[in-house]
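# Residue-level structure breakdown
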Amino acid sequence: MSDPAVPTTDHVLALREEFRHHLETFYAQLKLAPPYESVEKAIRSLTTSIHALPPSERARLATDTTARWQHFRQAFESSGLSKKHRGIIAGLARNRSGLNLPAEYDQFLNLYL
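Our subject in this report is the structure included herewith. What you see as residue numbers is a count from 1 along each chain, following the sequence as written. The predicted origin of the model limits local features to residues at a pLDDT of at least 70 and limits the giving and counting of side-chain atom pairs to 80 or more, whereas totals for whole chains, interfaces and linings rest on all residues. With hydrogens and water set aside, each side-chain value is computed from the structure's full complement of heavy atoms.

### Points about the environment of Pro 55
- Put simply, DSSP H or I for four residues or longer makes a helix, DSSP E for two residues or longer makes a strand, and each gets a number counted from the N terminus. Within the fold, Pro 55 resides in helix H3 (residues 55–61).
- For Pro 55, a relative accessible area of 55% puts it in the exposed group.
- The spacing of Pro 55 and Gly 80 is 25 residues in sequence and 27 Å in space, taken between C-alpha atoms. Residue burial is assigned from relative accessible area. The probe radius is 1.4 Å, only protein chains are included, and a residue is buried under 20% of its type maximum, exposed over 50%, and partly exposed in between.

Below is the structure:
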């Protein structure tokens, strides 16, 4: 996807779908129903922030996992997702080893601690 010939909308669409997948995984692993309105708001927030980036930065997100997760975290937080299920997820986040989530998901979990 780092091909400069790939249209911007493809980068944005791919990032939106990846973010949606991560949100679905996050809530599924925590055994919680995702707050759908906030999930959609988070995806809109991510889309808006990506569209605001210069084309070179958008293209970089396709290959830079760290930068991508920073944008995912920002959208997660700005959408209010970090305020939903707060008590339950804070308790789960304190026992991080009991969760079957890859380390990247700490970007979301740390918002609850």
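### Thoughts on the pattern of salt bridges
- For this analysis, a salt bridge means a side-chain nitrogen from Lys or Arg found within 4 Å of a carboxyl oxygen belonging to Asp or Glu. Scanning the entire structure with this criterion turns up 5 salt bridges.
- With its nearest N and O atoms 2.8 Å apart, the salt bridge here joins Arg 20 to Glu 40. Here Arg 20, found in helix H1 (residues 8–29), pairs with Glu 40, found in helix H2 (residues 36–51); they are 20 residues apart in sequence, far enough to count as distant.
- Overall, the relative accessible area of 32% leaves Glu 40 in the partly exposed class.

### Looking at helix H5 (residues 86–94)
- Every buried residue belonging to H5 is among Ile 89, Ala 90 and Ala 93, and all of these are buried. In a view along the axis of H5, the buried residues occupy a sector of 105°, so they form one face of it. In H5, the exposed positions angled more than 90 degrees off the buried face are occupied by Gly 87 and Arg 94. Note that the arc is computed from the directions linking the helix axis to the C-beta atoms.

### Thoughts on the side chain of His 22
- Positionally, His 22 belongs in helix H1.
- Within the structure, His 22 has its side chain in polar contact with the side chain of Tyr 105 (distance 2.7 Å).
- In this structure, His 22 is in contact with Trp 69, Phe 72 and Tyr 105, ignoring residues within four places of it in sequence. Any pair of N or O atoms that falls within 3.5 Å is considered a polar contact. Within protein, one atom must be able to donate a hydrogen and the other to accept it, and sequence-neighbouring residues count only if both atoms are side-chain atoms. Residues count as neighbours in contact if any of their non-hydrogen atoms are within 4.5 Å of one another.

No statement about biological role is implied by the geometric values presented.
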